[in-house]
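This is what each chain is made of:
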Amino acid sequence: MNGVFYISAAIGLVSALLAITGTNPMHALVNLVVVFLAISSVLWTIGAPFAAALQILIYAGAIAVLFVFAVMMLNLGEETIRREREWLSGSVWILPIAIAIVLAVQFVAAFTRQAGMANLVGPKAVGISMFATYVIAVELASLLLVAGLIGAFHFAEVLRRKETEDD
Amino acid sequence: MIFAGLLFTIGAIGVIVRRDLVFMLISVELMLSAAGLAIAVGGSKWSQPDGQVFLIMIFVAAATGVAVGISLLLAVYQDRKNVDADELSLMREREPIE
Amino acid sequence: MSVVLWIVVIAPFVGALVLLVVGAYVPKKTAGAIGCASVGISWLAAMIAAFDFLQKMPPDGFKTTLYAWMNVGGLNPSIALHFDALSLVMMLVITFVGFAIHLYASQSMYDEDGYSRFFGYMNLFVGSMLTLVLADNLLLLYLGWEGVGLCSYLLIGFWYKDAANGKAAQKAFIVTRVGDTALAIALFWLFALFGTLDIQTILASAPTRLVAGGAAATWIACLVIGGAVGKSAQVPLQTWLPDAMAGPTPVSALIHAATMVTAGVYLIARLDTLFTLAPAAMFAVAIIGTVTLFYSGFSALVQRDIKRVLAYSTISQIGYMFLALGVGAWTAAIFHFFTHAFFKALLFLSAGVVIDAQHHEHDIFKMGGLKRALPVAYWTFLTGAASLSALPLVTAGFYSKDAIIWAAYSSPLGTPWFWGAALVSTFITAAYSFRVLYLVFHGEQKTEVSKHPGVLMNLALVVLAFFSITAGFIGMPESLFRFDPFGNFLQTAFDTIPAAQTHASHAAEVGLLTASSALGILGVFTAFSYSRRGRYAWIVDRSQFAKAVHCFFFSGWGFDWLYDLLFVRPYKALAYWNRADFIDNFFTGLAGLAKLGNSVFSAMQTGRIRNYAASMVLGAAILTTIVILRIKL
C-alpha cells in the first residue's frame, strides 16, 4: 500500500507543477486531470474508497470536462502560448517560490510527526453518517448547487443577449 | 497530509503567478482538491466517516465555484476579448498627496 | 476708606473693559467721555482716600483685602492693597496727571482712528499702574508691572499700520522683558527665602533672615535692580525709550515720562529695607543713576527730534532719582519723581501741541518762531523747561533736584563723583532744554501753523504748568525755609530705616544751591548763544573730531550699535541657521511619516486580483509560521 501511495503522490506533484507552469491551456488541463487521478488513488490507499470514486466522478468527470469545454470555446490559440511565455518570465517567480518554500517546510514539519493511516471506511458508513447526522449539510449543499445553477444561467443569459446585440 | 499540503502550496503559487484567468481557475481547482484530500485524510485517521462527508461538501462547493467561475470567465472574454487578470482593475492611477 | 481705595483701582479697569468691548460702536465723544471719566472718578476717589488717610495717619499704613488669590504650595497671595505715604503720593500723581493727560488726549487724538481703542488702552494702563503702586504683595505688583509693560507695547505700536512703530513697540517690550525676567527670578528667590510674597512681611522679617551685606541679599537686590533698570530705562537697558517716542504724544507723556518709567524707582523705594541690607547693591544703584544722568544729558544735547530730546531727558531725570535712592535719600527721590511728573508731562504735552501744529513734524530744525503763533504752548513749555533746568527758587524742579544733589553730597554713601556729575548735568540739562525752546519758539517761523490746540488741551497745559511751579514749595530745603511737610510725611513710609545722617553744614548746602543755580543759568545762556548764531553747527562742520563726537552723542553713545552687534545679529544668525528648525522637524516629520504610510498603503491597493491573492497567501504563510513555531516551542 505504501508504495502505491508514494508513486501516486509523486505523479501528482509532478503533474501539478507541470499544470501551473505550462503555457498551453489544454496541456495544463490534462495535467490537472492527472492530478485528480493521483488524488483519487491516494484516497484509496488511506481507506476511503467511496471518496476516491466520487473524486473521479465529480472532479475528473464533471469539472475537468467543463474546463475543457470552456477553454475550447475561448479559442485560445498560438498567440496565447506566446503571451504566456512572456508573462511567465523570471522575476515573477521569486516571491512565490519563497512563499512556497516556507509553506512546504511548514507542512512537512507539522505533519512528519503524525504517522499511521489506513482504516477502511466503507460507503455504507459514509451514507449513514451523511443522511443521519449531516442531513442539514446535505440540504445546504443542494441549495448551493441551485444558487450556482442560477448564477451560471444568468451569465449565460447575459452572454446570449450580448451575442444577439452584436448581430 | 504532506502531499495534500504540498499540492495546496503548488495551487496557491499557481494562483499568484498566472495572469491568465483560465490558469488561475485551474490553480484554484487544484487548491480545492488538495484541501479536500486533507480533510479526507483527517477523517480516515480516526476511522470516522465525517471526513468523507465533508469531502463531498467540498466537491459540491468546488463544482459550484467552477460553474460560476467559467461563466464569469466567458463573460469577461466576451466583453474584452482577452483574459488578462491584470486588466481587470477599475482603479485609477494613484495620485500623490500634497 | 477701603471701598474708596478699591474704586481708585477698579474704575480705570471698568473704563478699559467698556471701551475695549463696545467702544467701537459708540460715538467718539462718548468714548472720550468714558475714558476721561473713569480716570476722573479714580482721581476723585484718590483725593478722598488721601484726605481720609491724612486725617487718620495710621502708623503702619492701611491694608484692605478683596479676596485670596490662590493658595498653591505655600504661596498664598491675596488681591490686597497697601496704603501708606509712599503709595499715596504715587497714587495721587498717577491719577491727577493721568486725568490731565486724558483730557488733553480727548481733544488731540480726536481725529485719529481707533479713538476708543486708545482710551481703552490708556485706562488699562492707569489701572495697571495703580495696581502696581498699591499692591500689597509682590505677585500683584508683578501683575501691575506686566500690565503696564503690555499697555506700553500696545500704545507705542498704536499706529500699527506703520511697521516701524511695531518694531519700536517690540524693542520696548523685549528690552524691558530682560528686566522683567530678572525681577521674576528675584521674586522666586524671595519666596524661597521668606515663604511669602507679602511686602510688609518680607520687609519686617528681612533684617532677621538676611545677613546684612550677605550674598543672598545682594543678589536679590541686584536682580530687583535689573527689573527696575529695564522698566525705568536706565543704562544698560535704556535703548528702548528714545524709540518709544513713535507712539502718540499723550502716550509718551503719561507712560514714558510721568508714570511707567518711574515704576522702577517705586520698586526700589518700596523694598527699601532689602536694599539697606545690601550696601553693594545700593552703591550699584547710585552708580547706574549717575552714569545714566550724565550720559543721556549729552545725547539729548544733539538730538533733532523734539520728542527724542525729551526722552533722553526723562532717562536723565530718572537717573537722578536712582542716584537719590542709591545714596539713601528715599524721600528726595520720590520728591523729584513728584515734581518731574508734572513738568515732564507738561513738556511732552506742549511738544505735542507744537507737533500737531507743524503738520506732525518732529524735527526742531524745521520749526521756529512759534512764540507768537502758539502762546500757551510757549509759556507752558518755558515753565516746564525752567523747572527741568531747576532754575532757582521759582520752579519746583529746583527744590527737588537740589535735594538730590544735597543728599549726594551729604550722605555717608555719597562720593564726590556723584554730586559732581549731578552738578555738571544741571548745566547740560539747562542747555538742551533751552536749546529746544530757542529753536522751536524763537527766531523766524519756518512752517505755518496748521492746528491750534483746543480748550481741554490748553487747560491741561496750564494746570500742569501751575504745578510745575508750585509743587516744590512743600519740600523746601532746611537752610532756606525749613518747610518740608512733604518730606516729613513721606518719611513715615520709610520709618523702618534711620534717616540718612547728614554730616555737612548748612553753609555747604547753600553753597551747593548757589552752584547749581549758577550752572543752570549759565546753561540757558550757552544754549541761546550757540543756537542763535549757529555756532555749534559751525564747529561741527569745521572739525572732524567734533563731527565724530556729535555722531557719537546723536546715536545715544552707540548703545544701539553695540546691542545690535552683541545680541541682535548673533540671534538672527542663529535663527537663520536653525530655519529648518529641528524641533519643527520633529512635528513635520510626524506628518511626513503619515504621508509615507499613505503612499505605502495606497501602493498596495492595485486592484489586481493576483496581488491580493499574493498578499493572502503571504499572510497565510506568516500565520502558519507563527503557529508552527509556537507548537515547536
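Residues numbered from 1 in each chain as written. Chains lettered and ligands numbered in written order. Predicted model: local features only at pLDDT ≥ 70, side-chain atom pairs only at ≥ 80, totals over all residues.

Student: Residue-level account of the overall build of chain C, with values.
Tutor: Along the backbone of chain C there are 26 helices and 2 strands. Here the analysis covers contacts within chain C between residues at least 6 apart in sequence; of these, 81% occur between residues at least 24 apart. (Helix = DSSP H or I, 4+ residues; strand = E, 2+ residues; numbered from the N terminus. Contact = placed C-beta atoms within 7 Å.)

Student: Any chance you could break down the overall build of chain B for me, citing the residues and the numbers?
Tutor: The helix and strand inventory of chain B stands at 3 helices and 0 strands. Secondary structure elements in chain B, listed N-terminal to C-terminal, are α-α-α. When each of the 98 residues of chain B is scored for burial, the buried share is 60%. Partitioning the contacts of chain B with sequence separation of at least 6, the portion at a separation of at least 24 is 41%. (Buried ≥ 20, exposed ≤ 12 C-beta atoms within 10 Å, placed from the backbone.)

Student: Tell me about the packing of helix α2 (residues 28-56) of chain C against helix α4 (residues 115-134) of chain C, residues and numbers included.
Tutor: Residue and element names in this part refer to chain C. Between α2 and α4, the least distance of the axes is 9 Å, while the angle of their chain directions is 10 degrees. It follows that α2 is roughly parallel to α4 by the angle criterion. Side by side, α2 and α4 meet where K28, A31, G32, G35, S38, V39 and S42 of the first sit next to Y115, S116, F119, M122, N123 and V126 of the second. Looking at the contact of α2 with α4 residue by residue, the classes come out as 6 nonpolar, 6 polar and 1 charged. (Axes fitted to C-alpha atoms, helices over the stretch in contact; angles between N-to-C directions. Parallel < 35°, antiparallel > 145°, perpendicular 65-115°, else oblique. Nonpolar A, V, L, I, M, F, W, Y, C, P; charged D, E, K, R; others polar.)

Student: Before we move on, could you go through the packing of helix α14 (residues 306-326) of chain C against helix α17 (residues 396-410) of chain C and cite the residues and values that matter?
Tutor: Residue and element names in this part refer to chain C. Running from amino to carboxyl end, α14 crosses α17 at an angle of 40 degrees, the nearest separation of the two axes being 9 Å. One element, α14, and the other, α17, form an angle in the oblique class. By crossing handedness, the relation of α14 to α17 is classed as left-handed. Packed against α14, whose contacting residues are Y320, L323 and A324, the element α17 presents K401, I404, A407 and A408 at the interface. A class-by-class count of the residues in the contact of α14 with α17 yields 6 nonpolar, no polar and 1 charged. (Left-handed = near helix turned anticlockwise from the far one by under 90°.)

Student: How would you sum up the interface of chain A and chain B? Please name residues and give values.
Tutor: Listed by partner, the interface residues are 64 residues for chain A and 52 residues for chain B. Within the residue set of the side of chain A that touches chain B, elements represented by two or more residues are α1 (2-21), α2 (25-45), α3 (49-74), α4 (78-87), α5 (94-111), α6 (123-132) and α7 (135-166) of chain A. Top contributing element to the side of chain A that touches chain B by residue count: α3 of chain A, with 13 residues. The class makeup of the residues in the side of chain A that touches chain B is 55 nonpolar, 7 polar and 2 charged.

Student: Any details on helix α7 (residues 199-209) of chain C? Residues and values, ideally.
Tutor: All names here are of chain C. All of the buried residues along α7 are I199, I202 and A206. Along α7, the residues classed as buried sweep out an arc of 45 degrees about the axis, all on the same side. Looking at the buried positions of α7, the neighbouring elements they touch are β2 (78-83), α5 (138-156), α6 (163-194), α11 (263-270) and α12 (272-276). (Arc of directions from axis to C-beta.)

Student: Provide a residue-level description of helix α16 (residues 375-388) of chain C, including the pertinent values.
Tutor: Residue and element names in this part refer to chain C. Over its 14 residues, α16 runs 20 Å from end to end, which matches the ideal 20 Å to within 8%, given 1.5 Å per residue. Most of α16 sits out of view: 10 of its 14 residues are buried. Considering only its buried residues, α16 is in contact with α14, α15 (330-357), α17, α18 (416-441) and α19 (455-470). With its phi angle positive at about 55 degrees, A390 sits one or two positions after the end of α16. (Expected span 1.5 Å × (residues − 1).)

Student: Any chance you could break down unusual backbone geometry for me, citing the residues and the numbers?
Tutor: All names here are of chain C. Here the amide bond leading from V235 into P236 is cis, since omega sits at 0 degrees, within 30 degrees of zero. For A233, which is not a glycine, the phi torsion comes out positive at approximately 55 degrees. Within the secondary structure layout, A233 lies in the loop between α8 (215-231) and α9 (240-243). Residue classification places A233 among the buried positions, given that 29 C-beta atoms sit within 10 Å. Non-glycine residue A390 carries a positive phi angle of around 55 degrees.

Student: Explain the environment of F118 of chain C to me, and be specific about the residues and the numbers.
Tutor: Residue and element names in this part refer to chain C. Note that F118 resides in helix α4. Taking the C-alpha atoms as reference points, F118 and L154, 36 residues apart in sequence, are found 9.1 Å from one another. Not counting chain neighbours up to four residues away, the residues in contact with F118 comprise M109, E112 and F158.

Student: Lay out the confidence of the model for chain C with the relevant residues and their values.
Tutor: A low pLDDT means the predicted coordinates there should not be read in detail. On average, chain C scores 83 in pLDDT, and the residues at 70 or more come to 94%. Averaged pLDDT values over the elements of chain C bottom out at 69 in helix α22 (residues 535-542) of chain C and peak at 91 in α4 of chain C. (pLDDT = per-residue confidence, 0-100.)

Student: Which residues make up the environment of L32 of chain A, and what are the values?
Tutor: Relative to the assigned elements, L32 of chain A resides in helix α2. Along the backbone, L32 of chain A and L17 of chain A are 15 residues apart, and their C-alpha atoms lie at a distance of 9.6 Å. Excluding its chain neighbours within four sequence positions, the residues that come into contact with L32 of chain A are A19 and A64 of chain A together with I26, E29 and L30 of chain B.

Student: Outline the environment of F188 of chain C, listing residues and values.
Tutor: Position of F188 of chain C among the secondary structure elements: in helix α6. Once the C-alpha coordinates of F188 of chain C and I220 of chain C are considered, the two residues, 32 residues apart in sequence, prove to be 9.6 Å apart.

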